[in-house]
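So the chains spell out like this:
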Amino acid sequence: MRTFDVAVIGGGINGCGIARDAAGRGYSVSLTEQNDLGSGTSSWSTKLIHGGLRYLEHYEFRLVREALAEREVLWGIAPHIVRPLRFVLPLHTGLRPAWLLRIGLFLYDHLGGRKRLPGTRPVDLSGPIGAPLKSEFRRGFEYSDARVDDTRLVVLNARDAEARGAEIAVGTRVVSVRREGDLWRIVRRELQTGREDEIAARFLVNAAGPWVDRVIQGPLGRSEAKHVRLVQGSHIVTRKLYDHDRAFIFQNADGRIIFAIPYANDTTLVGTTDRDFSGDPADAAITEEETAYLLSAASEYFATPLRRDDIVWSFSGVRPLYDDHASAAQEATRDYVLKTDGAAGEAAVLNIFGGKITTYRKLAEDALKEIGQRLGARGRSWTGSAALPGGDFPVDGVAELEARLARAAPQLAAATVQRLVAAYGTDALRIAANLGPDLGHGLHEGELRWMMDREWARTAEDVLWRRSKLGLAFSADEVAALRAKIATMTGRHAGAMAAG
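Residues numbered from 1 in each chain as written. Predicted model: local features only at pLDDT ≥ 70, side-chain atom pairs only at ≥ 80, totals over all residues. Heavy atoms only, no water.

- Looking at an unreviewed UniProt entry, the protein carries the name Glycerol-3-phosphate dehydrogenase, with the source organism given as Methylobacterium radiotolerans.
- For the record of the protein, the UniProt heading Catalytic activity (unreviewed entry) holds the text "a quinone + sn-glycerol 3-phosphate = dihydroxyacetone phosphate + a quinol". (UniProt positions renumbered as here; feature names shortened; annotations may be inferred.)

Focus: helix H11 (residues 445-454)
Logical step 1: Of all ten residues in H11, seven are buried; the element is thus mostly enclosed.
Logical step 2: Among the residues trailing H11, Trp456 stands out with phi positive, at a value near 65 degrees. (Buried < 20%, exposed > 50% of the residue type's maximum accessible area, 1.4 Å probe, protein only. Helix = DSSP H or I, 4+ residues; strand = E, 2+ residues; numbered from the N terminus.)

Comments concerning the side chain of Asp274
Logical step 1: If you trace the backbone, Asp274 turns up in the loop between strand S14 (267-271) and strand S15 (275-276).
Logical step 2: Engagement of the side chain of Asp274 in a polar contact is seen with the side chain of Arg319, the distance being 2.2 Å. (Polar contact = N/O pair within 3.5 Å; in protein donor to acceptor, adjacent residues only side chain to side chain.)

Re the confidence of the model for the protein
Logical step 1: Confidence in the prediction of the protein, expressed as mean pLDDT, is 94, and 96% of residues score 70 or more.
Logical step 2: Across residues 494-500 the pLDDT falls below 50, and counting only partners more than four positions away or on other chains, this stretch makes zero contacts in the model. (pLDDT = per-residue confidence, 0-100. Contact = heavy atoms within 4.5 Å.)

Observations regarding unusual backbone geometry
Logical step 1: In this model, Gly271 is joined to Thr272 through a cis peptide bond whose omega is 15 degrees.
Logical step 2: Mapped onto the elements of the fold, Thr272 is located in the loop between S14 and S15.
Logical step 3: Positive phi values are uncommon outside glycine, yet Lys47 reaches one of about 65 degrees.
Logical step 4: Within the element layout of this structure, Lys47 appears in the loop between strand S2 (29-33) and strand S3 (48-49).
Logical step 5: Given the relative accessible area of 7%, Lys47 is considered buried.
Logical step 6: Of note, the phi angle at His441 is positive, near 60 degrees, even though the residue is not glycine.
Logical step 7: By the secondary structure assignment, His441 is in the loop between helix H10 (427-432) and H11.

Concerning helix H6 (residues 288-299)
Logical step 1: The terminal C-alpha atoms of H6 lie 16 Å apart, and with twelve residues this matches the ideal 16 Å at 1.5 Å per residue to within 8%.
Logical step 2: For H6, the set of buried residues is Glu290, Thr291, Tyr293, Leu294, Leu295, Ala297, Ala298 and Ser299. (Expected span 1.5 Å × (residues − 1).)

Overview of the pattern of salt bridges
Logical step 1: One pass over the full model with this rule turns up 49 salt bridges.
Logical step 2: For the salt bridge of Arg62 with Asp335, the shortest nitrogen-to-oxygen distance reads 2.4 Å. You can see Arg62 sitting in helix H2 (residues 61-77) and its partner Asp335 sitting in the loop between strand S16 (311-322) and strand S17 (336-341), a full 273 residues away along the chain.
Logical step 3: Here Glu445 makes a salt bridge to Lys485, at a shortest N to O gap of 2.8 Å. (Salt bridge = Lys/Arg side-chain N within 4 Å of Asp/Glu carboxyl O.)

Written out as structure tokens, the structure is:
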């Protein structure tokens, strides 16, 4: 039986971030994810690295400061999947007044030590930027945040963790956990084969996201009150609503805000909602009420009202917010809480509650402090300066990297070049060296093999919706062909392994 320093349950952004940080400091690490990496909360976000402008209204200054500082850190270590984005906030008569928004944006510009991102400025919406909006919206502000490919952020953290010695077990469920003195004994089952194994660990991290309480009450066998408030957030993806590259942030009369963001395959992402959720987070799906809310809220601003026929896709996920007993879901804190359980001399477990994708790296650093107190501290903070896989190029080097890829693979369409660089960074050059046949919409066999061999992709859904957003382009017949291709490749790999 193999023994690790740290065993992590949960392959979302927090679990993979902790695994990366711990492995880089020299701890032996095993991470177990029952489904696909990032298949829970981490893949259903609004795809933003942001401070959380509206959190200022709830006086969460520490959280906002930390998140604002992380924008440029994450941009620096992953300039392929993290890109600056300008947000346009139209003034709405009867809602937050201009003076209040100006004060909030001043704080937003100065709390987090902004260096490279441009600051806030007033914007005249009577020109091209405001062209998609109704005529009454003619003044506003423009400020900076960033977008992110959320699931790829998870995968890249897992890749770097593995490169530094961590074991990443995907499609594997933890079925039992028992504490024996200073060790945890963990039984796992590989879901596809039913094969079980047992590992031991000196420290256990419960990073199961919306399932964190279930792990506490199930494998850990503790009868405790719930610690997380499950909040459903849903998004719609529509036809392209406007031509420029800015995002919009819209105030609503109920105090909430929604975003409209340029998205993949010439679409626009609109969201999010906030509603309390009960049940299995895996069953979350957008409701009719949420769809109507997003269409109505966006139509309050856009000159051409949104209709259901405009929707090309929708998705919904559950955020495991720390249960601070806020009265409304949108008021619940987005901060994280770490709780370590275990007496001196016995194996400890760290349970992670809440958090947001922007602050995952800081959460991991705080988790490493807890691990260090129990196992002995190793190394120093390092993840803020070491590039994630493919991110070893300057933040202003995207155009140059795209040009290099276009020269290396002149057969690729410009849109495919841009997509590959945005997904893989410098690794796109390695993929381009062995592209193979085009399986549809610029997905080549070489890229598919890369996803399967290096990124734990196992199904067409993993490929089309998490490793990429090509699911927006693939037809039903093309998806069926991709499934057949994956089955063939998987069989070939299994046969080669058996022969070896």
